[in-house]
Amino acid sequence: MTDRLFLLNPGWTDDEGGPWYCPAGAVVEGVLAFHPALRDQLEIRYLDHPRPRPPVIELVGEDHQGCPILVLDGSFDWPEALTSAATGRRFLQDEAIIPYLTARYGIARPHP
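Throughout this description, residue numbers start from 1 for each chain and increase along the sequence as written. Where local features are concerned, this predicted model is filtered to residues with pLDDT of at least 70; where side-chain atom pairs are given and counted, the filter is 80 or more; whole-chain, interface and lining totals use all residues. Excluding hydrogens and water, the side-chain values take into account all heavy atoms of the structure.

### Looking at the pattern of salt bridges
Rule in force here: Definition used for salt bridges: Asp or Glu carboxyl oxygen within 4 Å of a side-chain nitrogen of Lys or Arg. Helix numbering and strand numbering both begin at the N terminus, where a helix is a DSSP run of H or I of at least 4 residues and a strand a DSSP run of E of at least 2. Using a 1.4 Å probe on the protein chains alone, a residue whose accessible area is under 20% of its type maximum counts as buried, one over 50% counts as exposed, and one in between counts as partly exposed.
Taken as a whole and judged by the stated rule, the model has four salt bridges. Between Arg104 and Asp3 there is a salt bridge; the shortest N-O distance is 2.8 Å. Taken together, the residues span a long stretch of sequence, with Arg104 in helix α4 (residues 97–105) and Asp3 in the segment before β1 (4–8) at a distance of 101 residues. Classification of Asp3 by relative accessible area gives buried; the value is 0%. Among the salt bridges present, the one from Arg39 reaches Glu29, with a minimum N-O distance of 2.9 Å. Taken together, the positions of Arg39 in helix α2 (residues 38–41) and Glu29 in helix α1 (residues 23–34) put the pair ten residues apart, joining distant regions of the chain. The class for Arg39 is partly exposed, based on a relative accessible area of 36%.

Following this line, the structure appears as structure tokens:
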């Protein structure tokens, strides 16, 4: 298995209007644009906004459906990763994804 990244498709609407995009997902998309080789190293899936999100639930349980989410393959130790109580899988969400990508895949780091 490889690390699996789940991002939301942009352009959804909800009770508050829209169309919307996910700000945290846009940051991750920016990193992918800067480092296109990551797309070959990760399994990336795009999901629609409405919940439930079955592919994420299958890996980390119903409590952690928020995207972006990176489900780790377990071959790279990352102490900051969270562990799903439902499945035991390790994962990262939102801004915690980029430091992991930097450490594991050797991409450029964000300037402090």
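Moving on from the model shown.
### Let's talk about the packing of aromatic side chains
To keep things clear, this is the line we draw: Each Phe, Tyr or Trp ring, with Trp reduced to its six-membered ring, pairs with another whose centre is within 6.5 Å; inter-plane angles below 30 degrees give stacked pairs, above 60 give edge-to-face pairs, and intermediate values give tilted ones.
The final tally for this structure, using the stated rule, is three aromatic pairs. Aromatic pair Phe76 and Trp78: ring centres 6.2 Å apart, planes at 20°, arrangement stacked. Classification of Phe76 by relative accessible area gives partly exposed; the value is 28%. On the accessibility criterion, Trp78 (16% relative accessible area) is buried.

### With respect to the side chain of Gln93
Quick note on the threshold: For the purposes of these results, a polar contact is taken to be a pair of N or O atoms within 3.5 Å, where, inside protein, one atom must be able to donate a hydrogen and its partner to accept one; residues adjacent in sequence count only when each atom of the pair is a side-chain atom.
Looking at the element boundaries, Gln93 is found in strand β7 (residues 90–93). Separated by 2.8 Å, the side chain of Gln93 and the backbone oxygen of Gly66 make a polar contact.

### Quick look at the environment of Gly11
Short version of the rule: Throughout, a contact is declared for two residues whenever any of their heavy atoms are within 4.5 Å.
On the secondary structure map, Gly11 appears in the loop between β1 and β2 (12–14). Since its relative accessible area comes to 46%, Gly11 is described here as partly exposed. Spatially, the C-alpha atom of Gly11 lies 29 Å from that of Leu82, the residues being 71 residues apart in sequence. Leaving out residues up to four positions away in the same chain, Gly11 has contacts with Pro19 and Trp20.

### Comments concerning α1
Our working rule: In this analysis, the expected span of each helix is defined as 1.5 Å times one less than the number of residues it contains. As used here, the arc belongs to the directions running from the helix axis to the C-beta atoms.
The terminal C-alpha atoms of α1 lie 17 Å apart, and with twelve residues this matches the ideal 16 Å at 1.5 Å per residue to within 8%. Taken together, the buried positions of α1 are Gly25, Val28, Val31 and Leu32. Viewed end-on, α1 has its buried residues packed into an arc of 115°, placing them on one side of the element. The exposed set on the far side of α1, more than 90 degrees from its buried face, consists of Pro23, Ala33 and Phe34. Looking at the buried side of α1, the elements it contacts are β1, α2, β4 (43–47) and α4.

Coordinates in, geometry out; function isn't part of it.
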